[in-house]
Amino acid sequence: MEMHEAKRVEIIIEKIMENRLTDLLIEAGVKGFSVLPVSGGSGSSGHWSREGQISRAQGMSAVVCLVKPERLDKTLDAIFPMLDRHIGVVSVTDTKVMRAELF
């Protein structure tokens, strides 16, 4: 089976900014993404948990997308201004996909 190079972009973002982030990804030409709830973690502010939060706007979400390597800079450039002003972590890893036309 032929595999194609791609980049996996994973963004951990405040739940309240999730829709704005996905709008920016769509505007940048990202063809698809997945949004996952983050139940807890630890970072520069210490340990946190979604448990006991009374608002759905609180907490964090993980947004994951796969892009062609040549589209990575455009994708990151589109989301950086928002992430520069809000809590968020971005990681990019090399990956391979089976159907490159989908990305």
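Coordinates for the structure precede this section.
Residues numbered from 1 in each chain as written. Predicted model: local features only at pLDDT ≥ 70, side-chain atom pairs only at ≥ 80, totals over all residues. Heavy atoms only, no water.

Caption draft 1: Representation of the overall build of the protein chain. A tally of helices and strands in the protein chain yields 2 helices and 6 strands. When the helices and strands of the protein chain are read in sequence order from the N terminus, they spell out β-α-β-β-β-β-α-β. Taking all 103 residues of the protein chain together, 27% fall into the buried category. Counted over contacts in the protein chain with a minimum sequence separation of 6, partners at least 24 positions apart contribute 79%. (Helix = DSSP H or I, 4+ residues; strand = E, 2+ residues; numbered from the N terminus. Buried < 20%, exposed > 50% of the residue type's maximum accessible area, 1.4 Å probe, protein only. Contact = heavy atoms within 4.5 Å.)

Caption draft 2: Quick peek at the sheet that holds strand E2 (residues 34–38). Read across the open sheet, the 4 strands follow the order E2-E5-E1-E6; overall the sheet is antiparallel. At either end of the open sheet lies a strand with only one pairing partner, and these are E2 and strand E6 (88–97). On average, each strand axis in the sheet is inclined to that of its neighbour by 20 degrees, with strand direction left out of account. Of the strands in this sheet, strand E1 (4–14), E2 and strand E5 (60–67) are in contact with helix H1 (residues 18–27), which crosses E5 at around 10 degrees. Contacts from helix H2 (residues 72–83) reach E1, E5 and E6 within the one sheet, and its direction differs from that of E1 by about 5 degrees. (Pairing = 2+ DSSP bridges. Axes fitted to C-alpha atoms, helices over the stretch in contact; angles between N-to-C directions.)

Caption draft 3: A look at H2. Compared with an ideal rise of 1.5 Å per residue, which puts 12 residues at 16 Å, H2 spans 16 Å between its outermost C-alpha atoms and is within 8% of the ideal. Turning to H2, its buried residues number three or more, namely Leu-72, Thr-75, Ile-79, Met-82 and Leu-83. Around the axis of H2, the buried residues are gathered within 95 degrees of arc, so they sit on the same side. Opposite the packed face of H2, turned more than 90 degrees from it, sit the exposed residues Asp-73, Asp-77 and Phe-80. Elements in contact with the buried residues of H2: E1, H1, E5 and E6. (Expected span 1.5 Å × (residues − 1). Arc of directions from axis to C-beta.)

Caption draft 4: Quick look at the packing of H1 against H2. In contact at an axis separation of 9 Å, H1 and H2 are set at 150 degrees when each is read in the N-to-C sense. Regarding the angle of H1 to H2, the classification is roughly antiparallel. As for how H1 packs across H2, the hand of that crossing is right-handed. Facing Arg-20, Leu-21, Leu-24 and Leu-25 of H1, the residues of H2 in contact are Thr-75, Ala-78, Ile-79 and Met-82. Among the residues making up the contact of H1 with H2, the classes are represented as 6 nonpolar, 1 polar and 1 charged. (Parallel < 35°, antiparallel > 145°, perpendicular 65-115°, else oblique. Left-handed = near helix turned anticlockwise from the far one by under 90°. Nonpolar A, V, L, I, M, F, W, Y, C, P; charged D, E, K, R; others polar.)

Caption draft 5: Geometry of the environment of Val-38. With respect to the helices and strands, the residue Val-38 is situated in strand E2. Residues Val-38 and Ile-13 lie 25 residues apart in sequence; the distance between their C-alpha atoms is 9.4 Å.

Caption draft 6: Just a nonpolar patch on the surface, in detail. Nonpolar side chains collect at one region of the surface, where Met-1, Met-3 and Met-98 lie side by side and expose about 370 Å² of accessible area between them. Structurally, Met-3 can be placed in the segment before E1. (Patch = residues over 30% accessible without salt bridge, like charges linked within 9 Å, V, L, I, M, F, W, Y side chains within 5 Å. Areas by Shrake-Rupley, 256 points an atom, 1.4 Å probe, with all protein chains shown as cover. Salt bridge = Lys/Arg side-chain N within 4 Å of Asp/Glu carboxyl O.)

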